[in-house]
Amino acid sequence: MSLAFALLTAGPACVVAGGAVALNVRGAAGALERWAAANAELAMHSRGDLGPPKRVMSAVVYRYIGAVIALCGLVLTLGGLLEAAYS
């Protein structure tokens, strides 16, 4: 029963977190984009590079990654339900 409990704990957490980014709830994807830009700027400043930071990923990429995480969480949840049903 412990595997089912672990899957039923991790699965919904991934669905909620990934879904919040994928659906851009309260600007989550935009906030991740700004956070990544600020971290890149700090890393460049620590190396002595004072130019503008390079944009690595946009908010759309974060939304796609969030959708994949939400779908993986759904698979974990369904696996946990199956494990609980057959054990």
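What counts and how
- Residues numbered from 1 in each chain as written.
- Predicted model: local features only at pLDDT ≥ 70, side-chain atom pairs only at ≥ 80, totals over all residues.
- Heavy atoms only, no water.
- Helix = DSSP H or I, 4+ residues; strand = E, 2+ residues; numbered from the N terminus.
- Expected span 1.5 Å × (residues − 1).
- Buried < 20%, exposed > 50% of the residue type's maximum accessible area, 1.4 Å probe, protein only.
- Contact = heavy atoms within 4.5 Å.
- Patch = residues over 30% accessible without salt bridge, like charges linked within 9 Å, V, L, I, M, F, W, Y side chains within 5 Å.
- Areas by Shrake-Rupley, 256 points an atom, 1.4 Å probe, with all protein chains shown as cover.
- Salt bridge = Lys/Arg side-chain N within 4 Å of Asp/Glu carboxyl O.
- Axes fitted to C-alpha atoms, helices over the stretch in contact; angles between N-to-C directions.
- Parallel < 35°, antiparallel > 145°, perpendicular 65-115°, else oblique.
- Left-handed = near helix turned anticlockwise from the far one by under 90°.
- Nonpolar A, V, L, I, M, F, W, Y, C, P; charged D, E, K, R; others polar.

K.L.:
For helix H2 (residues 28-47), give the residues involved together with the corresponding values.
P.N.:
In a regular helix each residue adds 1.5 Å, so 20 residues correspond to 28 Å; H2 covers 29 Å between its end C-alpha atoms and thus fits that length. Of the residues making up H2, those classed as buried are Ala28, Ala29, Gly30, Glu33 and Met44. For H2, the secondary structure elements touched by its buried residues are helix H1 (2-22) and helix H3 (59-85). At the C-terminal side of H2, Gly48 shows a positive phi close to 95 degrees.

K.L.:
Before we move on, could you go through a nonpolar patch on the surface and cite the residues and values that matter?
P.N.:
Residues Leu8, Val15, Leu71, Leu74, Leu78 and Leu81 make up a contiguous nonpolar surface patch of roughly 500 Å² in combined accessible area. Secondary-structure elements contributing two or more residues to the nonpolar patch are H1 and H3. No other element matches H3, which puts four residues into the nonpolar patch. Topologically, Leu74 is positioned in helix H3.

K.L.:
Describe the environment of Leu50, naming the residues involved and giving the relevant values.
P.N.:
Mapped onto the elements of the fold, Leu50 is located in the loop between H2 and H3. A residue is classified by how much of its surface remains accessible, and Leu50, at 69% relative accessible area, is exposed. Residues Leu50 and Leu76, 26 residues apart in the sequence, show an inter-C-alpha distance of 44 Å.

K.L.:
Can you break down the packing of H2 against H3 residue by residue, with the values?
P.N.:
The N-to-C vectors of H2 and H3 enclose an angle of 120 degrees; their axes lie 8 Å apart at closest approach. By the angle between their axes, H2 is oblique relative to H3. For the pair H2 and H3, the sense of crossing is right-handed. Here Ala29, Gly30, Leu32, Glu33 and Ala36 of H2 lie close against H3, whose contacting residues are Ala59, Tyr62 and Arg63. Across the contact of H2 with H3, the residue classes break down as five nonpolar, one polar and two charged.

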